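# Tertiary structure, described
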Amino acid sequence: MQSELMTRRRVLRLTYERYLEADRAWALALSDMKRWFPSGARPYRAAMGDPGSRMRQLYDQRARALAGLEAARVKLDSARKRLAKRQRPAPVRILLITG
């Protein structure tokens, strides 16, 4: 079971790195967009997310990375709970027989 826990930790670390990379790309694209459009002439937000646009692709990639990170975290938590449950000693039952 320890190997499963190690695997889950490794997956969580990889998904976190993917999220950081996607978030960095999204933040860079946002800052580039803000430099491209002056603050008074920025288009409304919905125009920046047209299907097929670079901004939409970056946003969707970041959203998928975040969903993967959350799923990996939940799986690690459930693996920890399973391990703790298996390592817990079985409860002792005492029967009292009176005559």
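First, a word on what this report is: a plain description of the structure on this page. (Residues numbered from 1 in each chain as written. Predicted model: local features only at pLDDT ≥ 70, side-chain atom pairs only at ≥ 80, totals over all residues. Heavy atoms only, no water.)

## Topic: the pattern of salt bridges
- Applying the stated criterion to the full structure yields eight salt bridges.
- We note a salt bridge from E17 to R13, for which the minimum N-O separation is 3.7 Å. Of this pair, E17 and R13 both sit in helix α1 (residues 2-36), separated by four residues, roughly a single helical turn.
- Judged by its relative accessible area of 45%, R13 is partly exposed.
- Two residues, R73 and E70, come together in a salt bridge whose shortest N-O distance is 2.6 Å. Of this pair, R73 and E70 both sit in helix α2 (residues 54-87), three residues apart, which is roughly one turn of that helix.
- The partly exposed category is assigned to R73, whose relative accessible area is 37%.
- Salt bridges linked by common partners bring E70, R73, D77 and R80 together as one network. (Salt bridge = Lys/Arg side-chain N within 4 Å of Asp/Glu carboxyl O. Helix = DSSP H or I, 4+ residues; strand = E, 2+ residues; numbered from the N terminus. Buried < 20%, exposed > 50% of the residue type's maximum accessible area, 1.4 Å probe, protein only.)

## Focus: the side chain of T15
- Tracing the sequence through the fold places T15 in helix α1.
- Polar contacts involving the side chain of T15 include one to the main-chain carbonyl oxygen of L12, which spans 2.9 Å.
- When sequence neighbours within four positions are dropped, the list of residues in contact with T15 reads G68, L69 and A72. (Polar contact = N/O pair within 3.5 Å; in protein donor to acceptor, adjacent residues only side chain to side chain. Contact = heavy atoms within 4.5 Å.)

## Observations concerning α1
- The first and last C-alpha atoms of α1 sit 51 Å apart over 35 residues, in line with the 51 Å expected at 1.5 Å per residue.
- Taken together, the buried residues of α1 touch α2. (Expected span 1.5 Å × (residues − 1).)

## A short note on the environment of L5
- Note on placement: L5 falls in helix α1.
- Measuring from C-alpha to C-alpha, the distance between L5 and L83 comes to 8.4 Å, with 78 residues separating the pair along the chain.
- In contact with L5, other than residues within four places in its own chain, are L76, A79, R80 and L83.

## Topic: α2
- When the terminal C-alpha atoms of α2 are compared, their 49 Å separation across 34 residues agrees well with the 50 Å that a helix rising 1.5 Å per residue should span.
- Those residues of α2 lying buried are M55, L58, A65, L69, A72, L76, A79 and L83.
- Tucked inside the fold, the buried residues of α2 contact α1.

## Description of the packing of α1 against α2
- It is at 8 Å that the axes of α1 and α2 come closest, and there the two elements cross at 160 degrees. It follows that α1 is roughly antiparallel to α2 by the angle criterion. Regarding α1 and α2, the two cross each other, and that crossing is left-handed.
- Split by residue class, the contact of α1 with α2 holds 20 nonpolar, five polar and 10 charged. (Axes fitted to C-alpha atoms, helices over the stretch in contact; angles between N-to-C directions. Parallel < 35°, antiparallel > 145°, perpendicular 65-115°, else oblique. Left-handed = near helix turned anticlockwise from the far one by under 90°. Nonpolar A, V, L, I, M, F, W, Y, C, P; charged D, E, K, R; others polar.)

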